[in-house]
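# Structural characterization, general
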Amino acid sequence: MKFALVPAAGSGSRMGTSIPKQYAMLCGEPMIRHSIETLCGFSAISRVYVVLAENDVRWKEYDWSAFGDRLVALNCGGKTRLNSVMNGLRAMDAGDDDWVLVHDAARPCIDHESLQRLIEGTENEAIGGILALPVADTLKREDGKGRIAETVPRAKLWQAQTPQMFRKGRLLDALSKAPADQTDEAGAMEALGYSPRLILGDPGNFKVTYPGDMMLAEMILKGRMGK
Ligand code: C5P
């Protein structure tokens, strides 16, 4: 079986807003609802688990009944994203061999075509895979004083996105051996010597991080609704 796990226990401090960014309003809905709608509406995924902060007060302000038992909220967020994902993996009702697609609540523009590519490209892999994009821009490394130290060749460089799809047992094992500031699941698998598959993502599936990102996400979502 395949499940989605959505870590949504962050504070979103880089957004500069008083409410955590997963609850920032986007096209009339809290940001997290867009990912939940897409994931719950994708039939290959049996259930969607959302990991909330222990002191979350906003989830209950909204009506989630439309998703029925396909959506389960867990109040077990941790100090870091890694802690939230690990707590969620431990709390969810899934076997060690079940696939888990870990998806950031902060990527509201995930689409069914990307999910389909991820699942088709990963389910026959021994380890798992992630959505990612080949880097398009020229990359510069800074010297620490605001000037360019060097140009980094972009050949073979990819930007990691989510979902990242791994079998639950192996993922939990890898995350439990990773440093607390590990920012993605694939990195923890790589540290154990595994090479997850790279699956072509979509530029629209970017992570809302800075205030200006909200407008871009709105444009993408409105463009889709207008189709
Ligand atoms: O802060 P950042 O954008 O990297 O967070 C990525 C995702 O991880 C967000 O969906 C955020 O809510 C989640 N997160 C979490 N628990 C934390 C920190 C972040 O679930 N302690």
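Residues numbered from 1 in each chain as written. Predicted model: local features only at pLDDT ≥ 70, side-chain atom pairs only at ≥ 80, totals over all residues. Heavy atoms only, no water.

## Quick word on the site of the ligand
Heads up, the rule is: We call a residue near a molecule or strand when any one of its heavy atoms sits within 4 Å of it. By the criterion applied in these results, polar contacts are pairs of N or O atoms within 3.5 Å in which, for protein atoms, one can donate a hydrogen and the other can accept it, and in which residues neighboring in sequence qualify only through two side-chain atoms. Using a 1.4 Å probe, the Shrake-Rupley method yields the accessible areas, and only the shown protein chains count as cover for residues.
Near the ligand, the surroundings consist of 16 residues, among which P7, A9, K21, S84 and K207 are the closest. Backbone polar atom of G78 to a nitrogen atom of the ligand: 2.9 Å apart, as the coordinates give it. Measuring from a nitrogen atom of the ligand, one finds a backbone N or O atom of K79 at 3.1 Å. Here the ligand has 460 Å² of accessible area as a free molecule, and 86% of this is covered by the chains.

## Some remarks on the packing of aromatic side chains
Where we set the bar: For Phe, Tyr and Trp, rings pair up if their centres lie within 6.5 Å, where Trp contributes its six-membered ring, and each pair is then called stacked (planes under 30 degrees apart), edge-to-face (over 60) or tilted (otherwise).
A full pass over the atoms with the stated rule returns 5 aromatic pairs. The structure contains a cluster of three or more aromatic residues connected by ring pairs, namely Y23, W59, Y62, W64 and F67.

## Topic: the environment of M189
Applied cut-off: Numbering of helices and strands starts at the N terminus; helices are DSSP runs of H or I of at least 4 residues and strands are runs of E of at least 2. Residue contacts follow a heavy-atom distance rule, with two residues in contact if any of their heavy atoms lie within 4.5 Å.
With respect to the helices, strands and loops of the structure, M189 is situated in helix α5 (residues 185-191). With 23 residues separating them along the chain, M189 and G212 place their C-alpha atoms 32 Å apart. Every residue in contact with M189, bar those within four places of it in the chain, is listed here: I127, F166, R170, L171, A174, Y194 and P196.

## Considering the environment of A160
Structurally, the position occupied by A160 is in strand β10 (residues 158-167). Separated by 153 residues in sequence, A160 and P7 have C-alpha atoms that sit 16 Å apart.

## A look at helix α3 (residues 112-122)
Inclusion rule: In this scheme, a residue with accessible area under 20% of its type's maximum is buried, one over 50% is exposed, and one in between is partly exposed, where area comes from a 1.4 Å probe on protein chains only. The arc under discussion is defined with respect to the helix axis, by the directions toward the C-beta atoms.
Three or more residues of α3 are buried, namely S114, L115, L118, I119 and T122. Relative to the axis of α3, the buried residues are bounded by an arc of 130° and lie together on one face. Exposed side of α3, more than 90 degrees from the buried face: E113 and E120 are the residues found there. Next to the buried residues of α3 lie β1 (2-8), α1 (31-40), β6 (99-102), β7 (128-134), β10 and β11 (197-200). Looking at where α3 begins, the residue whose side-chain oxygen comes 3.2 Å from the main-chain nitrogen of E113 is D111.

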